[in-house]
Amino acid sequence: VQLQASGGGSVQAGGSLRLSCVASGRTFSSYGMGWFRQAPGKEREFVAAISRSGGRLFYVDSVKGRFTISRDNAKNTVYLQMNSLKPEDTAVYYCAADKTGWILDNEYDYWGQGTLVTVSS
């Protein structure tokens with residue numbers, strides 16, 4: 001599967017952005033999906049995950065209450081709604097797909113190209 005992320009940009013602290021990730025193919029609903037981010041000079045960080053049907057969600061503590069992951073299987077798309085953004089959210093954000101349907105580590109099978117989010121204070 002090929003993944004295309006979009007929606008990044010520059011925003012002031014407290015603002016919002018919605019990232020989208022569109023997947024190719026007709027088996028999108030069979031994949032668990034995740035969002036990761038990598039800030040300059042830092043390791044990639046797991047941000048959020050959603051199961052195949054959307055019934056299970058996971059968020060890293062630093063984004064709980066501010067970010068929402070969702071998916072639309074009819075549109076082959078996973079979203080990351082980011083509210084109350086902070087400068088420390090600045091990073092390249094990546095979407096990823098997992099064939100097992102639900103994992104909470106970096107061992108995803110397919111990765112998108114990343115979209116840059118910059119939050120200024």
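Here the structure is shown first, and the text comes after it.
Along each chain, numbering runs from 1 in the same order as the chain's sequence is written. Selection of residues for local features in this predicted model requires a pLDDT of at least 70, selection of side-chain atom pairs for listing and counting requires 80 or more, and totals for whole chains, interfaces and linings are taken over all residues. Heavy atoms throughout the structure, all of them, feed into the side-chain values; hydrogens and water do not.

Asker: Describe the overall build of the protein chain, and please don't skip the residues or the numbers.
Answerer: Secondary structure follows DSSP: runs of H or I at least 4 residues long count as helices, runs of E at least 2 residues long count as strands, and numbering of each begins at the N terminus. From N to C terminus, the protein chain includes zero helices and 11 strands. Secondary structure elements of the protein chain occur, N-terminal to C-terminal, as β-β-β-β-β-β-β-β-β-β-β. Between the two quantities, the radius of gyration covers C-alpha atoms and the globule rule is 2.2 Å times the number of residues to the power 0.38. Here the C-alpha atoms of the protein chain give a radius of gyration of 13 Å, agreeing with the 14 Å that 2.2 N^0.38 yields for 121 residues. With respect to the three principal axes, the spread of C-alpha positions in the protein chain is 40 × 25 × 25 Å. Accessible area is worked out with a 1.4 Å probe on protein chains only. A residue is then buried under 20% of its type maximum, exposed over 50%, and partly exposed in between. Looking at the protein chain residue by residue over its 121 residues, the buried ones come to 45%. We call two residues contacting when some pair of their heavy atoms lies within 4.5 Å. In the protein chain, once contacts between residues fewer than 6 apart in sequence are set aside, the share between residues at least 24 apart is 58%. Accessible surface for the protein chain amounts to roughly 6100 Å². Of this, 46% is attributable to carbon and sulfur atoms. We treat Lys and Arg as the positive residues and Asp and Glu as the negative residues; His and chain ends play no part in the count. The location of each charge is read from NZ of Lys, CZ of Arg, CG of Asp or CD of Glu. Considering the protein chain, the positive charge centre built from 13 side chains and the negative charge centre built from 10 side chains are found 7 Å apart. In these tables, accessible area is a Shrake-Rupley quantity obtained with a 1.4 Å probe, and a residue counts as shielded only by the protein chains included in the view.

Asker: Residues and numbers for the pairing of strand S4 (residues 32-38), please.
Answerer: The element S4 is largely enclosed, with a buried count of six among its seven residues. A strand pair is defined by DSSP finding two or more bridges across the two strands. Pairing between S4 and strand S9 (residues 91-98): seven bridges, direction antiparallel. Note that in S9 the partner of Phe-36 across the bridge is Tyr-94. Two elements, S4 and strand S5 (residues 45-50), share five bridges in a ladder whose sense is antiparallel. Paired with Met-33 across the bridge in S5 is Ile-50. Hairpin connection between S4 and S5: a loop of six residues separates the two successive antiparallel strands, and Gly-41 in this loop has a positive phi of roughly 75°.

Asker: Outline the state of the cysteines, supporting the account with residue identities and numerical values.
Answerer: Any two cysteine sulfur atoms within 2.5 Å of one another count as a disulfide. Tallying each qualifying case throughout the model produces one disulfide. Residue pairing for Cys-21: its cysteine sulfur links by disulfide to Cys-95, the two sulfurs lying 2.0 Å apart. Across the disulfide from Cys-21 to Cys-95, rotation about the S-S bond amounts to roughly 60°, and the bridge is consequently right-handed. Of this pair, Cys-21 sits in strand S3 (residues 17-23) while Cys-95 sits in strand S9, and the two are 74 residues apart along the sequence. By relative accessible area, which is 0% here, Cys-95 ends up buried.

Asker: I'd like to hear about the sheet that holds strand S7 (residues 67-72), residue by residue, with values.
Answerer: With antiparallel pairing, the four strands of this open sheet are ordered in space as S1-S3-S8-S7. What marks the edges here is a single partner per strand, and that holds for strand S1 (3-6) and S7. The sheet shows a mean angle of 15° between the axes of neighbouring strands, taken without regard to direction. Here S7 runs beside strand S8 (residues 77-82); their pairing, made up of six bridges, is antiparallel. Paired with Ile-69 across the strands is Leu-80, a residue of S8. Whenever a helix is involved, its axis is fitted only over the stretch in contact; in every case the axis is a line through C-alpha atoms, and angles between N-to-C directions fall within 0 to 180 degrees.

Asker: An account of the nonpolar core is needed here, citing residue identities and associated values.
Answerer: Buried Ala, Val, Leu, Ile, Met, Phe, Trp, Tyr and Cys residues that are joined via side-chain atoms within 4.5 Å together make up what is termed a nonpolar core. In terms of nonpolar packing, the biggest core is built from 30 residues, with Met-33, Trp-35, Leu-80, Met-82 and Tyr-93 touching the most fellow members. Among the secondary structure elements, those contributing two or more residues to this core are S1, S3, S4, S5, S7, S8, S9 and strand S11 (115-120). Other than its neighbours up to four places away in sequence, Leu-80 contacts Leu-17, Arg-18, Leu-19, Trp-35, Val-47, Ala-48, Phe-67, Thr-68, Ile-69 and Tyr-93. Counting residues in each nonpolar core, the second largest holds six residues, with Phe-46, Ala-49, Ala-96 and Tyr-108 among its members.

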